[in-house]
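Summary of the model geometry
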Amino acid sequence: MAVPHGPASVGVARRRLRRDLGDRQIPEPVIDDAVLILSELLSNACRYARPLGPLPALGRGARAEVVDQVLVGVPSGTHPAPGGREPEDGATEPDGGVLVRWQMHADGVLTLEVTDGGAATRPLPASPSLTSRGGRGLAIVDQLASDWGVRDAPGEVTVWAALPARARHARRTGGGTARSA
């Protein structure tokens, strides 16, 4: 699904993922881990990375959603200005968003992906001080996921994570490092 580049999109994606995995009868502890991972990846994309440009196949002002592995255009209105105010000159916010995808594989592994327009730095786990207010997101992903990494493509970066959906005890016991795919 394509979501606007902003913090409100995190809740939208979380609810959609929770509903979809629940419909697939994925165990609740796995859903909780998947929702937390997706929240961290999408929050980082919205905070640190640029949005993707508009999807040309859908046209300006459109957004897209993946339904049963098919990209579907969804009409959208204007995006409000930061702080919820409408732009004074009548202009709309520039198009752009973040793509979010999850997929259940036949081997019982769930993959979660967030694709954005990239940033000045590559996503890496941080080592925050005990009093830091943030910087723990990718360390959390590293602990919950069986694997995670970063894929680069022209004009976009995808951060992905995989976790076993059938057996919670199958997750890595920690200490691993991110692997590029």
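Here's a quick rundown of the structure. (Residues numbered from 1 in each chain as written. Predicted model: local features only at pLDDT ≥ 70, side-chain atom pairs only at ≥ 80, totals over all residues. Heavy atoms only, no water.)

1. Concerning the packing of helix α1 (residues 8-23) against helix α2 (residues 28-48)
- Where α1 meets α2, the closest approach of the two axes is 9 Å, and the angle between their N-to-C directions is 155 degrees. Considering their axes alone, α1 and α2 lie roughly antiparallel with respect to each other. Crossing geometry of α1 relative to α2 is assigned as right-handed. Every residue of α2 that contacts α1 at Ser-9, Val-10, Ala-13, Arg-14, Leu-17, Arg-18, Leu-21 and Gly-22 is listed here: Glu-28, Ile-31, Asp-32, Ala-34, Val-35, Leu-38, Ser-39, Leu-42 and Ser-43. (Axes fitted to C-alpha atoms, helices over the stretch in contact; angles between N-to-C directions. Helix = DSSP H or I, 4+ residues; strand = E, 2+ residues; numbered from the N terminus. Parallel < 35°, antiparallel > 145°, perpendicular 65-115°, else oblique. Left-handed = near helix turned anticlockwise from the far one by under 90°. Contact = heavy atoms within 4.5 Å.)

2. What to know about the sheet that holds strand β5 (residues 109-116)
- With antiparallel pairing, the five strands of this open sheet are ordered in space as β1-β4-β5-β7-β6. Edge positions in the open sheet fall to β1 (2-4) and β6 (147-153), since each of these has one partner strand only. Direction aside, neighbouring strands of the sheet carry axes that sit 20 degrees apart on average.
- Pairing analysis gives eight bridges linking β5 to strand β7 (residues 156-164), with the strands arranged antiparallel. Residue pairing for β7: Glu-113 is matched across the bridge by Trp-160.
- Sheet strands touched by α2: β1, β4 (97-104), β5 and β7. Its angle to β5, the strand with the most contacts, is close to 15 degrees. (Pairing = 2+ DSSP bridges.)

3. Section: the pairing of β7
- Buried residues dominate β7, accounting for eight of its nine residues.
- Of the strand pairs in this sheet, β6 and β7 are connected by seven bridges, and their pairing is antiparallel. Considered in β7, the bridge of Asp-147 is made with Ala-162.
- The hairpin formed by β6 and β7 contains two residues between the paired strands, and Gly-155 there has a positive phi angle of roughly 75 degrees. (Buried < 20%, exposed > 50% of the residue type's maximum accessible area, 1.4 Å probe, protein only.)

4. Overview of helix α3 (residues 137-144)
- Here α3 has its buried residues at Gly-137, Leu-138, Val-141, Asp-142 and Leu-144.
- Where α3 is buried, its residues touch α2, β6 and β7.

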